[in-house]
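# Working through the structure, step by step
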Amino acid sequence: MEAGGLPAELWQLILCYLRLPDLGRCSLVCRAWQELVVSLDKTRWRQLCLGCLEHRPPNWPNRPSVEPPSWREAFRQHHLASRTWIRNMQDPESSSCLSLFRRRKGQRQLCVGVGGEFGSLRAALTAASPYDRLVLLPGVHEEQGEVLLNVPVEVVGQGKLGDVALLASIDQHCPTTRLCNVVFMPARFTPVLYKTTSGYVQFDNCNFKGGQLQIHAPGTCQVRFCTFSQSSIHLRSVALCILENCEFTGSENASVTVEGCPSSDRNWACKHLAVLAKSCTASVWEPSPAGCPVAKWDGWGESLLGPVRTCEIVVGEERSSFLSAAGAQALLDSTEEDTESGENLRAAREEECPALNSNSSDTDLCSDDEEDAQAAHGLPCQAHSLSHALADVTHSRLQSSRLHALQRDLKLKSLQQELQQDKEARSLASSLQGCIIRQCLFRDGKGGIFISSQGQAKLEGNIFRDLTYAVRCIQNSKVIMLRNDIHHCKASGIFLRLSSGGLIADNSIHSNCEAGVDIRKGANPLVLCNKIHSGLRSGIVVVGNGKGIIRSNQIYGNKEAGIYILYNGNPAVSGNHIFQGLAAGIAVNENGRGQITGNVICENQWGGADIRHGGNPVLRNNLICCGYSDGVVVGERGKGLIEGNVIHGNKGCGVWMMSSSLPHLVNNQISHNSIYGVAVLCGKDDTDAYPPGQGASESFQEEREGAGAENDSDSEEEHPAARHPVSVALVELNSINHNGAAGLHVRSSEALSFVANAVHANHDGGVAVLQSSQLTCVANNSISCNSRAGVRVEAECQVELRGNGIYENSGHGIVCKGQGVIAENDIIGNRRCGLQLCQAADMKVTKNRIQSFRDYGIALFDEAKGLVQENLIFLGRSKKSILRPVSNAEDCIIQNNVLLTFKKRFDTECMLIDPPARPHIEGGAPGSCTAVGGQRVSSITTRADRGCRNHGSIFCAIL
């Protein structure tokens, strides 16, 4: 009949009654009939696939209710798999032609059991010829001794799975065999259900209860659609084997043990298994992104869900926003700020910042007349200082655009992008050695997979849940994990130690009681593109000389640190998004190290990066933003190089440092944080007061005891910061601006060097030194446009202020009650006095250039004493120069100061020409600060390239 003679729906109804052989014949009639047969996919082919007792649903056990893309193709794969065991086998005693002839004409079917030809499996094997089919009839078949399998046969249980139970221990000595639809139970004399040391064995749709499978090289196996209940598989030095669509439950130890280096002596089936592994790529379930908190953004700071503090982490080409609504709005505000000093941040930011006690005189504002007078003088420092460059509208817009560019540069990479760029990762992902385990379910037992003694395993698309651990890899072994789901383990999800390695990529690792990934004892894996979240401890722990490359992962919502490095752990951590953790984003403790670069660390409850107790990492080019506490915390005995980071919009300080720490803080952009930009405080860590995941709560006794003996001999060469030891805490070349309180806040009992920084437009003073028993050196900084005094030094503090440019602050330029030196600074355009010495101040004030429009250039009060000489004081409109009380004339020496009065407006253009406006930075590109991606954050100083217009003025002659 012509295919077009009836409607297609009627043809499909008719063909649904055909058996499988008839469907095959119909598909050979013509192309139209073939299309009709193929169109039966959801009806007849589905019925045939589910009706075969030897087959289970194609997506069993992980997604048994999900239909495959094609039922016909699934049925075809089931049928081809049933022929795998003899497909490529050749009889060594005869030619290929005779072997094929015997398979077709000589294969018999032998029935075993009550009503069958043979009463036992042993008797049937004695009479069987090669490639015969042994059918076990329903019932329990028990063998008293070990059964030797000397001829290749197929053993199939009749009826449904569970109707046939085999209590036996089978030892295979033939080249190949297949067992299907049988329940295996251990014999009384041994727990070994099946073992082979040379041949290939294939298990389809079997159930193993309370026993063990042993496969030793050069033997190999393929296990499909099987259930292991309190049973396990032990693979030793196997070159290649495949376990797929199996369920493992209730194991007392590891469900699968892979031991020994893959053998070079390959079984005949390895070639076929390799082709099968490459061609039949597992259809892997990708975890739902619902577990990752995502908010859609309609532009910067305009959340479609309302003004919530949230974070969007998106893989792919979609736009992602790393900043919260508040942080993003702060960036918008920064592009619209006026250049006038003392500009306030948004009202919401003001409410977040606690009120700070200060000298009330710093808070007075200029009158309109005084502001007009100041504007008329046109301060020349505006053309020279870094401060005004930061306040300039164009620069603010550039700053915002750089953060946009930074956001693009730090977009999370997909696994495909990583594999394209990383040859080693690509090689690992495509490797086929050892045991391949895919689309299996491991649940409700002690262990999932244990790999040891140079073993190799590849795990793809599996689910591990409610186990003690999912995967343990030790002793120079290698594990490759792709697209697995690991959750609710009682210990760590993945555990690597003793120089093990491999690739852990694109997995969902969540809700585990310990770390998601635990790397120890020299283990060195590649950890790429995983989602590690909602753990009850840390996301990733690197301990005891553990290494590894941790890249492009989403790590969020963990109860302790997102990444925890300690006891000489030294990983390379880059390109990750670490957010919304309940403790620190990254914690480096107990002599931990690491290269931490290019990460987005945001919205964590504690410090974005927390460094304590000898932690000595390199923290470079990270975006640390919108945290609910401080951006970077350097606790007791913390060290490290903190370079080129953007630390933005955190609820606490930008950087919080203990005075007992020795960090090197360089080239960072520290802005829009709610409290201080940089705070240096006295005190020691209280172990009981640790936030979760940053103290002694972790148990690493083994690593603690052996940490000293395990230091790498070349560790000093590997760690760049170690080549340049810092003997004093050093803060240099940073841009510290628009923070809610002082730019630098010091309450320290140890020395501090604060050099070549730009401290601009902060909501309190620029630099506040409230306690400093050792010398605090503040040199070559630009301190400008802050809401109160440029520099404030309290009583009994020791400071050296040298080479700074202190411009246009809303209070005094410098308020000093302490001791030390104030030399060679430019103190210009501040709203109150240029320099105020009061109480018991004892300072040497020399060679400064000072100007104040409405108040004294230098004012001395109370019992202030010291030496004030060789300063150049430019008189403002008020004509006030030096205020000197009579009472302390003997203790305070004032001599050789030069007073200058402006006659014409253009005289002011020469005020800071020779030398140029401070600060002056020696060497290289003067004062350049770089942030993430190598972009320039600011220029510490811009030298004037024009000379004095009026070469005959008295002002220029004196200079």
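Analysis parameters
- Residues numbered from 1 in each chain as written.
- Predicted model: local features only at pLDDT ≥ 70, side-chain atom pairs only at ≥ 80, totals over all residues.
- Heavy atoms only, no water.
- Helix = DSSP H or I, 4+ residues; strand = E, 2+ residues; numbered from the N terminus.
- Areas by Shrake-Rupley, 256 points an atom, 1.4 Å probe, with all protein chains shown as cover.
- Patch = residues over 30% accessible without salt bridge, like charges linked within 9 Å, V, L, I, M, F, W, Y side chains within 5 Å.
- Salt bridge = Lys/Arg side-chain N within 4 Å of Asp/Glu carboxyl O.
- Lys, Arg positive; Asp, Glu negative; His and termini not counted.
- Charge placed at Lys NZ, Arg CZ, Asp CG, Glu CD.
- Buried < 20%, exposed > 50% of the residue type's maximum accessible area, 1.4 Å probe, protein only.
- Core = buried A, V, L, I, M, F, W, Y, C linked by side-chain atoms within 4.5 Å.
- Contact = heavy atoms within 4.5 Å.
- Arc of directions from axis to C-beta.
- Polar contact = N/O pair within 3.5 Å; in protein donor to acceptor, adjacent residues only side chain to side chain.
- Axes fitted to C-alpha atoms, helices over the stretch in contact; angles between N-to-C directions.
- Parallel < 35°, antiparallel > 145°, perpendicular 65-115°, else oblique.
- Left-handed = near helix turned anticlockwise from the far one by under 90°.
- Nonpolar A, V, L, I, M, F, W, Y, C, P; charged D, E, K, R; others polar.
- Phe/Tyr/Trp six-rings, centres within 6.5 Å; stacked < 30°, edge-to-face > 60°.

Quick look at the overall build of the protein chain now. From N to C terminus, the protein chain includes 19 helices and 75 strands. Accessible surface for the protein chain amounts to roughly 36900 Å². Of this, 49% is attributable to carbon and sulfur atoms.

Moving on, we come to a negative patch on the surface. A surface patch of like charges, here negative, comprises Asp842, Asp862, Glu863 and Asp891. For aspartate 842, the position within the fold is in strand S66 (residues 842-846). Overall, the relative accessible area of 32% leaves aspartate 842 in the partly exposed class.

On the secondary structure map, serine 810 appears in the loop between strand S61 (805-807) and strand S62 (814-816). Remark: the alpha-carbon pair of serine 810 and arginine 832, spanning 22 residues in sequence, is separated by 7.3 Å.

This part covers the pattern of salt bridges. Overall, the coordinates contain 34 salt bridges when judged by the stated rule. Residue glutamate 143 is joined to arginine 122 by a salt bridge in which the shortest nitrogen-to-oxygen separation is 3.8 Å. Residue glutamate 143 is found in the loop between strand S3 (139-142) and strand S4 (147-149), and its partner arginine 122 is found in helix H8 (residues 121-127); the two are separated by 21 residues along the sequence. The exposure class of glutamate 143 is buried, given its relative accessible area of 6%. A salt bridge links glutamate 154 to arginine 178, with the shortest nitrogen-to-oxygen separation between them at 2.3 Å. Highlighted residues: glutamate 154 in strand S5 (residues 153-157) and arginine 178 in strand S8 (residues 176-180), separated in sequence by 24 residues. Exposure class is identical for glutamate 154 and arginine 178. Each is buried. In the salt-bridge network here, residues are joined through shared partners; they are Arg133, Glu154, Arg178, Asp204, Arg224, Glu244 and Arg438.

Attention now moves to the nonpolar core. Grouped together as the largest cluster of nonpolar side chains are 130 residues, with contacts concentrated most on Ile170, Phe184, Phe203, Leu235, Val471, Ile540 and Leu837. A per-element tally of this core places strand S23 (residues 463-473) first, with five residues. Among residues more than four places away in sequence, those in contact with phenylalanine 184 are Leu166, Ile170, Leu179, Leu193, Phe203, Cys206, Asn207, Phe208 and Lys209.

This part is about a nonpolar patch on the surface. A surface patch of nonpolar side chains, amounting to about 430 Å² of accessible area, comprises Leu10, Leu13, Ile14 and Tyr17. Note on placement: leucine 10 falls in helix H1 (residues 8-15).

Within the fold, isoleucine 449 resides in strand S21 (residues 441-452). Judged by its relative accessible area of 0%, isoleucine 449 falls in the buried class. Dropping the residues within four chain positions of it, isoleucine 449 is found in contact with Val256, Ile437, Phe442, Leu459, Phe464, Tyr469, Ala470, Val471 and Arg472.

A separate point is helix H16 (residues 423-430). Helical geometry note: an α-helix holds 3.6 residues per turn, so side chains three or four residues apart project in the same direction. Along H16, the residues that are buried comprise Ala425, Leu428 and Ala429. End-on, the buried residues of H16 take up no more than an arc of 100°, which puts them together on one face. Seen from the open side of H16, the exposed residues pointing more than 90 degrees away from its buried face are Lys423 and Ser430. The inward-facing, buried residues of H16 contact helix H15 (415-421), strand S22 (456-460), strand S24 (478-482), strand S27 (501-505) and strand S30 (524-528). Between the side-chain oxygen at the start of H16 and the backbone nitrogen of glutamate 424 there is a gap of 3.0 Å, and the oxygen is on aspartate 422.

It is at 8 Å that the axes of helix H4 (residues 41-51) and helix H5 (residues 71-81) come closest, and there the two elements cross at 25°. Classified by the angle between their axes, H4 and H5 sit roughly parallel to one another. Regarding H4 and H5, the two cross each other, and that crossing is left-handed. Judged by residue contacts, Asp41, Lys42, Trp45, Arg46, Leu48, Cys49 and Leu50 of H4 engage Trp71, Arg72, Ala74, Phe75 and His78 from H5. In terms of residue class, the contact of H4 with H5 is made up of seven nonpolar, one polar and four charged.

Looking at the secondary structure, you find histidine 510 in strand S28 (residues 508-510). For histidine 510, the side chain forms a polar contact with the side chain of serine 511, separated by 3.1 Å.

A few words on the packing of aromatic side chains. Evaluation of the coordinates by the stated rule reveals 11 aromatic pairs. Judged by centre distance (6.0 Å) and plane angle (50°), the ring pair of tryptophan 85 and tyrosine 131 falls under tilted. Linking tryptophan 85 in helix H6 (residues 84-87) with tyrosine 131 in the loop between H8 and strand S2 (132-136), this pair joins segments that are 46 residues apart in sequence. Among the residues examined, tryptophan 85 registers a relative accessible area of 0% and is labelled buried. Centre to centre, the rings of phenylalanine 442 and phenylalanine 464 are 4.7 Å apart; their planes meet at 10°, and the pair counts as stacked. Placement of the pair is phenylalanine 442 in strand S21 and phenylalanine 464 in strand S23, with a sequence separation of 22 residues. You'll find phenylalanine 442 and phenylalanine 464 in the same group, each marked buried.

This part is about helix H3 (residues 31-38). What H3 keeps buried is the set Trp33, Leu36 and Val37. Buried positions in H3, seen along its axis, are confined to an arc of 100° and lie on one side of it. Turned more than 90 degrees away from the buried face of H3, the exposed residues are Arg31 and Glu35. Looking at the buried side of H3, the elements it contacts are H1, helix H2 (20-27) and H4.

Glancing now at unusual backbone geometry. Following tryptophan 60, the chain continues to proline 61 via a peptide bond in cis, the omega torsion being 5°. Residue proline 218 is bonded to the preceding alanine 217 through a cis peptide linkage, with omega at 5°. Within the secondary structure, proline 218 sits in the loop between strand S13 (212-216) and strand S14 (220-224). We note that asparagine 568 has phi near 65°; this positive angle belongs to a residue other than glycine. Relative to the helices and strands, asparagine 568 is located in the loop between strand S35 (563-566) and strand S36 (572-574). Despite not being glycine, histidine 738 shows a phi value in the positive range, around 55°. Mapped onto the fold, histidine 738 is located in the loop between strand S52 (735-737) and strand S53 (744-748). On the accessibility criterion, histidine 738 (5% relative accessible area) is buried.

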